Amino acid sequence: MSGAPYASYDGKEFYRSRNWLIGDGEVGGKAKGVAFAVETLQSSPLKDQVRFPEITYVLTTEAFNDFMVRNNLEPIVRGAQTFEEIERAFEAASFPNSLRDTLTSILSDIRTPIAVRSSSVLEDDLAYSFAGKYSTRFFGNSGDKEYGLHRFERAIKLVYASTFNPSAKEYRRKHGIKLAQERMAVIIQPIVGKVREELYYPELAGVAFSKVYRRPSPRVKKDDGLLRLCFGLGTKAVARANAKVFYLSFLGLKVEGSKTSDVIAHAQDEFDYIDMKKGFFSTRKIDLALDHIKSHHKNASAFLELSDGEMFYWLHGATDVNGLRPVMTFSGFPRRFSRFFVRIRSLLKVMEERAGLPVDLEFTYDTEDDHLALVQMRPLATFEEWENVEIPKVSQERIVLRGNRMISNGKLTGIRHLVFVAPELYMSSGDYFQVARAIGEINAKLSGERYILVGPGRWGSTNPLLGVPVTYGEISGCGCIVELSVPSAGIMPELSYGSHFFLDLDTDKILYLPIFCGEEGNIYNVEWLNSHPFISERHGAVRIYEGSFGVYLNGEQEVGIVVDET
């Protein structure tokens, strides 16, 4: 990929020519991607069909370097015991008056809420994906000017501080990247969206990928790509939260299953927005926003339905909604907005061809205006599948785990440790974050060794009721992640390829296996787990099994197993 046109592209002149460049340093990965996308579409038939944020300012790495030196932050970064110490020091630091004047001017230029995004030199690199490792901060940009400047400065400082957060540090360590190689730039953009009853957000937002490296079915074509779509700000599309996934070669595929209960369990249940009255990023439950959505989104029935738990009803068909809950099914979206999918396919194709490599796009879409806005573009991390993996014939009692959905080809043998979080103990303990820290300690102890990690629901979830809330740095050494469903607690694996979590799996070549306990073709061998010796020294819900384990995943047969080969 080093010979790809994108690799040799330098977006600095793009920003300089528009007077959007602040400082004379480097612009970083995200800024490069935005510039490349804009210039690519200027000579494309899609020029008038895709929009961009009206302004994208870039605070170059020169400002970051000056900030570090001016406030003598290097000793603090090197000596701090916790990341919170670093954040506090960065917040207390100051910018020169000349830069504060520039930021004041920017606040006058941008009349909407603002996104301050990291754009580090290594971020979105061709070889490594730092997606999700650094910070993006949002603020309302309303009210008192001095307070607005304070919020603006704080957002930039916290993005700067995120250069040294534990996940980023661990990612650099794992991939042999020295801190001296990293420098942080920042991009400043108006958030694309509209004000609706003092809530500011785009109607729909998401991420799109020109390749599908982990196919849930052989019917999905690798080269046709996918998108992950949510209502409101796109934060739900990139996090380990529920969002709707469309495989562009098979729009009707429901990887979550067709049963009403499965669709509800995997549907987006809350959305993010900017509270214009308070000026802060906020979240609201879909259940509590039904009247708001019906009042302000005339095409809401394309993505929202009502359900009694047994079946779905048309949004505007029920006269009595008592006992019915709104569910973000997106069931009518492909039929009513087929032009959106045509445009996304074309956009992915153009960007991939011009860049010379697979791409990852972030976008917003308004159904009423038919406005598609491209917010970010970056290289897509690649995942090399095994050509074919033979599933070994072993006795039933030696199969520890077996799944038959979201399987990609892969194989691991000779694994010495299986780390297991017992679902019942995890849920009953309430010590969710202590469990996560215990996993981090085990990960550090097993440093340099690949292991199998098994637990309830979604690893890395921000909601501990949906899965163990670990960070990247706490599971960076594992070779295979297994997610177990716990139907009684409403905990399900997260099948949605496209989140930052899955991009990490691709970059680090980590295998993934979801297990749907109780479903045909799935095995959760509780007898094996309870009868074999284990170590449990850091938390009662966490067990370490020693032996020799193998992982075999066959995407064509849609079978994956974890086997005791001791």
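Residues numbered from 1 in each chain as written. Predicted model: local features only at pLDDT ≥ 70, side-chain atom pairs only at ≥ 80, totals over all residues. Heavy atoms only, no water.

Caption draft 1: Up close: the pattern of salt bridges. Taken as a whole, this structure holds 25 salt bridges when the rule is applied. Across the salt bridge formed by Lys 285 and Glu 270, the nearest N and O atoms sit 3.7 Å from each other. Of this pair, Lys 285 sits in strand β13 (residues 280-285) while Glu 270 sits in strand β12 (residues 270-275); the two residues are 15 residues apart in sequence, bridging distant segments of the chain. Classification of Lys 285 as partly exposed rests on a relative accessible area of 40%. (Salt bridge = Lys/Arg side-chain N within 4 Å of Asp/Glu carboxyl O. Helix = DSSP H or I, 4+ residues; strand = E, 2+ residues; numbered from the N terminus. Buried < 20%, exposed > 50% of the residue type's maximum accessible area, 1.4 Å probe, protein only.)

Caption draft 2: Fine view of the side chain of Asp 564. For Asp 564, the position within the fold is in strand β26 (residues 559-564). Here Asp 564 occupies a buried position and makes no salt bridge, while the nearest side chain of opposite charge, Arg 398, is found at 4.6 Å. A distance of 2.8 Å separates a polar atom in the side chain of Asp 564 from a polar atom in the side chain of Thr 566. With sequence-adjacent residues up to four places away left out, Asp 564 is seen in contact with Arg 398, Val 400, Trp 528, His 532, Ser 548 and Phe 549. (Lys, Arg positive; Asp, Glu negative; His and termini not counted. Polar contact = N/O pair within 3.5 Å; in protein donor to acceptor, adjacent residues only side chain to side chain. Contact = heavy atoms within 4.5 Å.)

Caption draft 3: Spotlight on the state of the cysteines. One pass over the structure, following the stated rule, counts zero disulfides. Left without a disulfide partner, Cys 478 is nearest to the cysteine sulfur of Cys 480, which lies 7.7 Å away. A relative accessible area of 0% places Cys 478 in the buried class. (Disulfide = S-S within 2.5 Å.)

Caption draft 4: Molecular detail of the packing of aromatic side chains. Counting across every chain of the model gives 36 aromatic pairs. Ring centres of Phe 333 and Tyr 365 lie 6.4 Å apart, and the angle between their planes is 85°; this geometry places the pair in the edge-to-face category. Taken together, the residues Phe 333 in helix α12 (residues 333-336) and Tyr 365 in strand β17 (residues 359-366) connect sequence positions 32 residues apart. Both residues of the pair, Phe 333 and Tyr 365, count as buried. (Phe/Tyr/Trp six-rings, centres within 6.5 Å; stacked < 30°, edge-to-face > 60°.)

Caption draft 5: Molecular detail of the packing of helix α2 (residues 28-42) against helix α13 (residues 338-355). Look at α2 against α13: their axes get within 10 Å of each other, and the N-to-C directions meet at 105°. On the basis of the axis angle, α2 is roughly perpendicular to α13. Of α13, the residues touching α2 (which contributes Phe 36, Ala 37, Thr 40 and Leu 41) are Leu 347, Val 350, Met 351, Arg 354 and Ala 355. Residue classes in the contact of α2 with α13 are distributed as seven nonpolar, one polar and one charged. (Axes fitted to C-alpha atoms, helices over the stretch in contact; angles between N-to-C directions. Parallel < 35°, antiparallel > 145°, perpendicular 65-115°, else oblique. Nonpolar A, V, L, I, M, F, W, Y, C, P; charged D, E, K, R; others polar.)

Caption draft 6: Spotlight on helix α8 (residues 166-174). For α8, the set of buried residues is Ser 167, Ala 168, Glu 170, Tyr 171 and Arg 172. Near the N-terminus of α8, the side chain that reaches the backbone nitrogen of Ser 167, with its oxygen 2.9 Å away, is that of Asn 165. Looking at the residues trailing α8, positive phi occurs at Gly 176, about 65°.

Caption draft 7: Summary view of the packing of helix α6 (residues 97-109) against helix α7 (residues 145-161). Their axes nearest at 10 Å, the elements α6 and α7 cross at an angle of 110°. As the angle between them shows, α6 and α7 are arranged roughly perpendicular. Crossing geometry of α6 relative to α7 is assigned as right-handed. Contacts from Arg 100, Leu 103, Thr 104, Ile 106 and Leu 107 of α6 reach α7 at Glu 146, Gly 148, Leu 149, Phe 152, Glu 153 and Ile 156. Residue classes in the contact of α6 with α7 are distributed as six nonpolar, two polar and three charged. (Left-handed = near helix turned anticlockwise from the far one by under 90°.)

Caption draft 8: View of unusual backbone geometry. In this model, Phe 330 sits at a positive phi of 55°, which is unusual for a non-glycine residue. Take Phe 330: it is sitting in the loop between β16 (325-327) and α12. Looking at Phe 330, the relative accessible area reads 2%, which means it is buried. Positive phi is not limited to glycine here, since Glu 558 has a value of about 55°. Residue classification places Glu 558 among the partly exposed residues on the basis of a relative accessible area of 27%.

Caption draft 9: Spotlight on α13. Compared with the 26 Å implied by 1.5 Å per residue over 18 residues, the 26 Å span of α13 between its first and last C-alpha is a close match. For α13, the complete set of buried residues consists of Phe 340, Phe 341, Arg 343, Ile 344, Leu 347, Leu 348, Val 350, Met 351, Glu 352 and Ala 355. The positive-phi residue at the C-terminal boundary of α13 is Gly 356, with phi of around 80°. (Expected span 1.5 Å × (residues − 1).)

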